[in-house]
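Reading the structure
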Amino acid sequence: MASFKDKIDLDKVPTHVAIIMDGNGRWAKKRNRERIYGHREGVNSVKAVVEAAGEIGVKYLTLYAFSSENWSRPKEEVEALMSLLVQGIHDELENIMKQNIRIRVIGDLSKLKADVRQAVEDSMEKTKDNTALNLVIALSYGSRDEIVDALRQIAQEVKEGKLEVEDITAETISNHLYTAGIPDPDLLIRTSGEVRISNFLLWQISYTELYFTPILWPEFKKEQFFEAIYNYQQRERRFGKISEQLSK
Ligand code: FPP
């Protein structure tokens, strides 16, 4: 069977793809297994998608691994997710170095347990000179908190006389978010059939193409990723203009 990969125009690959990985629990439930079984298979999907993104030259891949709201899940599930993350980083670090991947973690890291935070910080430090793919992991992340943080920093700069109120622009806000320096996503994928944003990158997705698929995250592997990229390439992004203006 022909793969969607062969249909992808390699000159028009999105620079930044963001993903809300959803449906691990439902996937496990369908199999009469514990939710954690779904998260474990979800890690295999993460590996597959990271590889796929690297193969076609995506420069930034942002994964929503754990939201600020996820802290209110049962303690065992929170711990299982954290240990999957730490274990995943540990097991994959050699591969990540080989694939020249830079890891960046965004979110409120102050809420993480010391060992998790250490693992995350080590992985960022070890991979900081890698240049192929930026793997951005949103962990303990909430977009409203991120915007509140940015506004506080900006207000502080105004208070200290480092910034004039008239000089505050959209760029000022972008530059104070956790994602400072990272281009806005071109494509946002959400799996599992839910059609909402769930406090993810609210500011950054103003012009992002949205792709919702019923496929559950543990079933979302390379081919499903390539299909999403192909689908994105069939769209016309107008950024508020009309078609005729774009072809000029
Ligand atoms: C959503 O499924 C998934 C999550 C909340 C966690 C995603 C985390 C991983 C795949 C593992 C660790 C991540 C990395 C980067 C190694 P859900 O539990 O909300 O599923 P449901 O909606 O069906 O209950």
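Residues numbered from 1 in each chain as written. Predicted model: local features only at pLDDT ≥ 70, side-chain atom pairs only at ≥ 80, totals over all residues. Heavy atoms only, no water.

Time to look at helix 6 (residues 143-159). The end-to-end C-alpha distance of helix 6, which contains 17 residues, comes to 24 Å, matching closely the 24 Å that a straight helix rising 1.5 Å per residue would cover. Within the sequence span of helix 6, burial applies to Ser143, Glu146, Ala150 and Ile154. Buried positions in helix 6, seen along its axis, are confined to an arc of 70° and lie on one side of it. Facing away from the buried surface of helix 6 by more than 90 degrees, the exposed residues are Arg144, Arg152 and Lys159. Residues of helix 6 that are buried make contact with strand 4 (133-141) and helix 7 (170-176). Two residues or fewer past helix 6, Gly161 is found with a positive phi of approximately 75°. (Helix = DSSP H or I, 4+ residues; strand = E, 2+ residues; numbered from the N terminus. Expected span 1.5 Å × (residues − 1). Buried < 20%, exposed > 50% of the residue type's maximum accessible area, 1.4 Å probe, protein only. Arc of directions from axis to C-beta. Contact = heavy atoms within 4.5 Å.)

Here we come to the confidence of the model for the protein. Summing up the model confidence of the protein, the mean pLDDT is 97 and the portion of residues at 70 or higher is 100%. Element-level mean pLDDT values for the protein span from 85 in helix 9 (residues 243-247) up to 99 in strand 1 (residues 16-20). (pLDDT = per-residue confidence, 0-100.)

With that settled, consider the site of the ligand. Surrounding the ligand, one finds 16 residues, the nearest of these being Asp22, Gly25, Arg26, Arg35 and Arg73. Measuring from an oxygen atom of the ligand, one finds a backbone N or O atom of Gly25 at 3.0 Å. Here the ligand loses 90% of its free accessible area of 630 Å² to cover by the protein chains. Under a 2 Å grid-point criterion requiring more than half of the atoms, the pocket assigned to the ligand is the largest pocket. Elements supplying a minimum of two residues to the shell around the ligand: helix 2 (24-30), helix 3 (35-56) and helix 4 (75-98). (Near = heavy atom within 4 Å. Polar contact = N/O pair within 3.5 Å; in protein donor to acceptor, adjacent residues only side chain to side chain. Areas by Shrake-Rupley, 256 points an atom, 1.4 Å probe, with all protein chains shown as cover. 1 Å grid on protein atoms, 1.4 Å probe; cavity = no way out; pocket = protein on both sides within 12 Å on 5 of 7 lines; lining within 4 Å. Sits in = over half its atoms within 2 Å of the grid points.)

Residues other than glycine seldom take positive phi values, yet Ser140 does so here, at roughly 55°. Checked against the element boundaries, Ser140 lands in strand 4. Despite not being glycine, Ser192 has its phi angle at roughly 85°, a positive value. Owing to a relative accessible area of 8%, Ser192 belongs among the buried residues under this scheme.

Within the fold, Arg152 resides in helix 6. In this structure the C-alpha to C-alpha distance between Arg152 and Glu69, which are 83 residues apart in sequence, comes to 21 Å.

A word on the pattern of salt bridges. Under the criterion given, the structure shown has 21 salt bridges. Taking the shortest distance from any N to any O, the salt bridge between Arg238 and Glu236 comes out at 3.1 Å. The exposure class assigned to Arg238 is partly exposed, which follows from its relative accessible area of 39%. Through salt bridges with shared partners, a single ionic network connects Asp22, Arg26, Arg190, Glu194 and Arg196. (Salt bridge = Lys/Arg side-chain N within 4 Å of Asp/Glu carboxyl O.)

Attention now goes to the nonpolar core. Counting residues in hydrophobic clusters, the biggest one holds 42 residues, and the most contacted among them are Val17, Ile19, Leu61, Ile189 and Phe225. A per-element tally of this core places helix 4 first, with seven residues. Not counting the four nearest positions on each side in its chain, Ile189 is found in contact with Val17, Ala18, Ile19, Ile20, Tyr211, Phe220, Phe225 and Ala228. Among the nonpolar cores identified, the runner-up in size contains 14 residues, and Ala18, Tyr64, Tyr141 and Ile205 belong to it. (Core = buried A, V, L, I, M, F, W, Y, C linked by side-chain atoms within 4.5 Å.)

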